[in-house]
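Each chain, written out:
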Amino acid sequence: MNPYAPGAGTPPPELAGRDDLLRSMQVALARVRRRSPTKSVLMVGLRGVGKTVLLSRFRDDAERAGLQTVWIEAPESRSLPAILAPQLRQALIRLSRSERARDLARRGLRALAGFAKALRVTYEDIQVGLDLEPEAGLADSGDLEHDLQELLEVVGNAAAAAETALVLFIDELQYVAEEELAALIIALLRSAQRQLPVVLVGAGLPQLRGRMGRAKSYAERLFDFPEVGPLPSAAARVAISKPAEDAGVAFREEALRRIVEETQGYPYFLQEWGKHVWNIAATSPITEEDVATASESAVAALDESFFRVRFDRLTPSEKAYLRAMAELGPGPHRSGDIAEQLHRKVTSLGPVRSHLISKGMVWSPSHGDTAFTVPLFDEFMRRIMPGNQWRS
Ligand SMILES: Nc1ncnc2c1ncn2[C@@H]1O[C@H](COP(=O)(O)OP(=O)(O)O)[C@@H](O)[C@H]1O
Ligand SMILES: [Mg+2]
């Protein structure tokens with residue numbers, strides 16, 4: 001059986017090189033449980049580095065520690081209140097089963113009813129079952145910033161009464177609109193000030209950090225932003241060699257070196273290379289020649305999946321923009337240089353660039369710079385759009 005596991009959010013056979021992050025998260029969860037002040041944590045990194053896998057690992061740890069968890073993947077086109085409400089409802093129903101928390105949790109369900117009814121005017125996509133009648137004046141003003149604060153406060157009180165904590169896990173947080181992010185940040189700040197046991201553990205593309213800062217300037221102090229990147233060479237080797245070793249298969253030194261080189265240590269690519277080299281190798285130890293053969297099919301597989309799903313969501317002008325970036329190399333690139341490739345003015349390309357940012361395809365590491373959010377995307381763009389046609 002092939003042990004390797006390429007795929008979005010698919011747990012790897014060996015979670016290599018993340019011991020520091022796992023340890024600091026364990027410390028944070030222990031603090032939450034003791035009701036000590038705890039910073040919310042937002043992991044940032046490119047596509048395929050292993051953010052979702054870490055997030056779900058943290059959630060398992062939190063549940064095992066007896067904490068109440070909520071899991072949300074922010075989609076591109078739905079509002080935060082709409083995705084939050086059904087999950088908070090479930091947490092409140094669970095909390096209401098605790099004798100000590102029953103009354104507060106039921107008050108939380110009333111708050112949720114007021115929240116959903118009042119906000120539905122603005123956020124038409126809110127759909128949540130209502131268990132109790134609203135309480136007049138509780139989280140029902142219709143103003144998200146105000147109502148979310150009140151709602152989280154009531155939920156936090158219920159969690160405290162049940163001697164547990166509420167941990168909100170939110171993936172793909174960069175897709176949440178800025179004013180909704182602002183409301184979430186304020187609600188978390190208020191909870192922290194009231195010493196309520198509520199924290200956020202989130203993950204998103206690198207643009208998340210800037211979005212948080214723009215939504216609320218003090219967000220940078222309120223949160224930790226650990227960066228999740230490619231694995232250092234030693235950890236990348238372990239990610240490949242350990243699962244094989246467990247199955248009694250060895251890698252030659254040059255074979256491992258070659259895989260690390262080709263994948264640049266990116267976890268998604270490591271899994272893809274592992275899978276293909278495993279299929280190709282006839283005997284142990286696996287050699288560099290096996291890797292060379294596997295590289296071809298690994299690249300082809302990525303082109304048809306990891307890269308392709310992103311490419312297919314692009315308009316022709318977005319494709320041309322990314323192709324122009326790819327012409328310049330891995331990046332980041334100056335807006336002026338990209339425009340020059342396309343024989344266009346920088347200002348006329350502004351809207352294309354913004355769309356690419358909101359689609360999560362590129363981000364801006366510093367003013368006027370643009371970088372891919374998908375590792376090795378420049379090479380893919382040159383493969384899929386060869387030649388010069390895109391310039392016209
Ligand atoms: N630390 C790691 N070691 C080895 N493989 C990993 C590691 N973290 C993630 N992976 C693999 O990388 C791929 C992408 O993980 P995912 O969590 O979906 O990334 P992201 O959410 O950052 O896009 C998955 O196939 C997963 O098994
Ligand atoms: Mg992910």
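Everything below is about the structure shown above.
In short, a report on the structure. (Residues numbered from 1 in each chain as written. Chains lettered and ligands numbered in written order. Predicted model: local features only at pLDDT ≥ 70, side-chain atom pairs only at ≥ 80, totals over all residues. Heavy atoms only, no water.)

Quick look at the nonpolar core
Using the following cut-off: Among buried residues, the Ala, Val, Leu, Ile, Met, Phe, Trp, Tyr and Cys ones that are joined through side-chain atoms within 4.5 Å form a nonpolar core. Partly exposed describes any residue whose relative accessible area lies between the buried limit of under 20% and the exposed limit of over 50%, with all areas from a 1.4 Å probe on protein chains only and scaled to the type maximum. Contacts were defined at the residue level, with two residues in contact if any of their heavy atoms lie within 4.5 Å.
One finds Phe251, Phe269, Phe307, Leu322 and Phe377 to be the most contacted residues of the largest nonpolar core, which totals 75 residues. Beyond its immediate chain neighbours, meaning those up to four positions away, Leu322 contacts Leu314, Leu356, Met361, Val362, Phe372, Phe377 and Met381.

Concerning the site of ligand 1
Under the convention used in this document: Nearness of a residue to a molecule or strand requires only that one of the residue's heavy atoms be within 4 Å of it. Definition of a polar contact: a pair of N or O atoms within 3.5 Å, with one able to donate and the other able to accept a hydrogen when the atoms are protein atoms, and with sequence-neighbouring residues admitted only if both atoms are side-chain atoms. Using a 1.4 Å probe, the Shrake-Rupley method yields the accessible areas, and only the shown protein chains count as cover for residues. For the purposes of this entry, the term helix denotes a DSSP run of H or I that reaches at least four residues, the term strand denotes a run of E that reaches at least two, and both are numbered from the N terminus. Under the grouping applied here, Gly and all other residues not named as nonpolar or charged are polar, the nonpolar ones being Ala, Val, Leu, Ile, Met, Phe, Trp, Tyr, Cys and Pro and the charged ones Asp, Glu, Lys and Arg.
Close to ligand 1 lie 25 residues, the nearest being Ala5, Gly9, Thr10, Gly48 and Lys51. Contact distances for ligand 1 include 3.3 Å between a nitrogen atom and a backbone N or O atom of Glu14. When the free accessible area of ligand 1 is taken as 570 Å², the share hidden by the protein chains comes to 96%. Elements that contribute at least two residues to the shell around ligand 1 include exactly helix H2 (51–64) and helix H11 (267–280). Residue composition of the shell around ligand 1, by class: 14 nonpolar, 7 polar and 4 charged.

A closer look at the sheet that holds strand E7 (residues 362–363)
Applied cut-off: Think of it this way: DSSP has to see at least two bridges between two strands before they count as a pair.
Taken together, the 3 strands give an open sheet; going across it, the order is E6-E8-E7, and neighbouring strands pair in antiparallel fashion. What marks the edges here is a single partner per strand, and that holds for strand E6 (333–334) and E7. Note: E6 against strand E8 (residues 369–372), 2 bridges, orientation antiparallel. For His333, the partnering residue across the bridge sits in E8 and is Thr370.

Some points on the side chain of Asp378
With respect to the helices and strands, Asp378 occurs in helix H17 (residues 377–384). Relative accessible area serves as the criterion here: at 4%, Asp378 is assigned to the buried category. With sequence-adjacent residues up to four places away left out, Asp378 is seen in contact with Ala326, Gly329, Pro330 and Phe372.

What about the side chain of Ser241?
Here Ser241 shows up in helix H9 (residues 233–246). Ser241 sits in the buried class, given a relative accessible area of 19%. The contact partners of Ser241, leaving out residues within four places of it in the chain, are Phe251 and Leu256.

Concerning the pattern of salt bridges
Put simply, the rule is: Here, a salt bridge means any Lys or Arg side-chain nitrogen found within 4 Å of an Asp or Glu carboxyl oxygen.
In the structure shown here, the tally under the stated rule is 28 salt bridges. For the salt bridge of Asp125 with Arg78, the shortest nitrogen-to-oxygen distance reads 3.9 Å. Here Arg78 lies in the loop between strand E2 (68–73) and helix H3 (80–95) and Asp125 lies in the loop between helix H4 (102–119) and helix H5 (144–161), a separation of 47 residues in the sequence. Arg78 sits in the partly exposed class, given a relative accessible area of 38%. Each of Arg257, Arg258, Glu261, Glu262 and Glu288 takes part in salt bridges that share partners, so that together they form one network.

Notes on the sheet that holds E2
One open sheet accounts for 5 strands, arranged E2-E3-E4-E1-E5; its pairing is parallel. At either margin of the open sheet sits one strand with a lone partner, and together these are E2 and strand E5 (223–224). Examined bridge by bridge, strand E1 (residues 40–44) and E5 share 2 bridges and lie parallel to one another. Bridging across to E5, Ser40 finds its partner in Phe223.

Overview of the packing of aromatic side chains
Using the following cut-off: Centres within 6.5 Å make a pair out of two Phe, Tyr or Trp rings, where for Trp the six-membered ring is used; the pair is then stacked when the planes are under 30 degrees apart, edge-to-face when over 60, and tilted otherwise. Either the NZ atom of lysine or the CZ atom of arginine qualifies as a charge over a ring when it sits within 6 Å of the ring centre and within 35 degrees of the ring normal.
Applying the stated criterion to the full structure yields 13 aromatic pairs. For the ring pair Tyr4 and Trp278, a centre distance of 6.2 Å and an interplane angle of 65 degrees mean the geometry is edge-to-face. In this pair, Tyr4 sits in the segment before helix H1 (19–34) while Trp278 sits in helix H11, placing the two residues 274 residues apart along the sequence. Here Tyr4 and Trp278 have matching classes, each one buried. Taking the centre distance of 5.8 Å and the plane angle of 50 degrees together, the rings of Phe372 and Phe377 count as tilted. Given the relative accessible area of 6%, Phe372 is considered buried. Residue class for Phe377 comes out buried when judged on its relative accessible area of 0%. Each residue in the set Tyr266, Tyr268, Phe269, Phe306, Phe307, Phe311, Phe372, Phe377 and Phe380 is aromatic and connected to the rest through ring pairs, giving one cluster. Positioned above the aromatic ring of Phe306, the side-chain terminus of Arg310 is 5.2 Å from the ring centre.

Some thoughts on the packing of helix H14 (residues 316–327) against helix H16 (residues 350–358)
Filter applied, for reference: Simply put, an axis is a line fit to the C-alpha atoms, just over the touching stretch for a helix, and the angle between two N-to-C directions goes from 0 to 180 degrees. These descriptions rest on fixed angle ranges, namely under 35 degrees for roughly parallel, over 145 for roughly antiparallel, 65 to 115 for roughly perpendicular, and the rest for oblique.
Direction vectors running N to C along H14 and H16 enclose 90 degrees, while the axes themselves pass 10 Å from each other. Taken as axis vectors, H14 and H16 run roughly perpendicular relative to one another. Contacts between H14 and H16 pair Ser317, Glu318, Tyr321 and Leu322 from the former with Val352, Arg353, His355 and Leu356 from the latter. Taken together, the residues of the contact of H14 with H16 sort by class into 4 nonpolar, 2 polar and 2 charged.

Concerning H3
Within an α-helix, residues lying three or four positions from one another point in the same direction, as the helix has 3.6 residues per turn. The condition is simple: Expected span of a helix, by definition, is 1.5 Å for each gap between consecutive residues, and there is one gap fewer than residues.
Here H3 spans 22 Å end to end across 16 residues, near enough to the 22 Å set by a 1.5 Å rise per residue. The complete set of buried residues in H3 reads Leu80, Pro81, Ala82, Ile83, Leu84, Ala85, Leu88, Ala91, Leu92 and Leu95. Contact partners of the buried residues in H3: E2, H4, H5, strand E3 (166–171) and helix H6 (178–193).

Details of the packing of helix H10 (residues 253–263) against helix H12 (residues 288–304)
Where H10 meets H12, the closest approach of the two axes is 8 Å, and the angle between their N-to-C directions is 30 degrees. Relative to H12, the element H10 is oriented roughly parallel. Contacts from Glu254, Ala255, Arg257, Arg258, Ile259 and Glu262 of H10 reach H12 at Glu288, Val291, Ala292 and Ser295.

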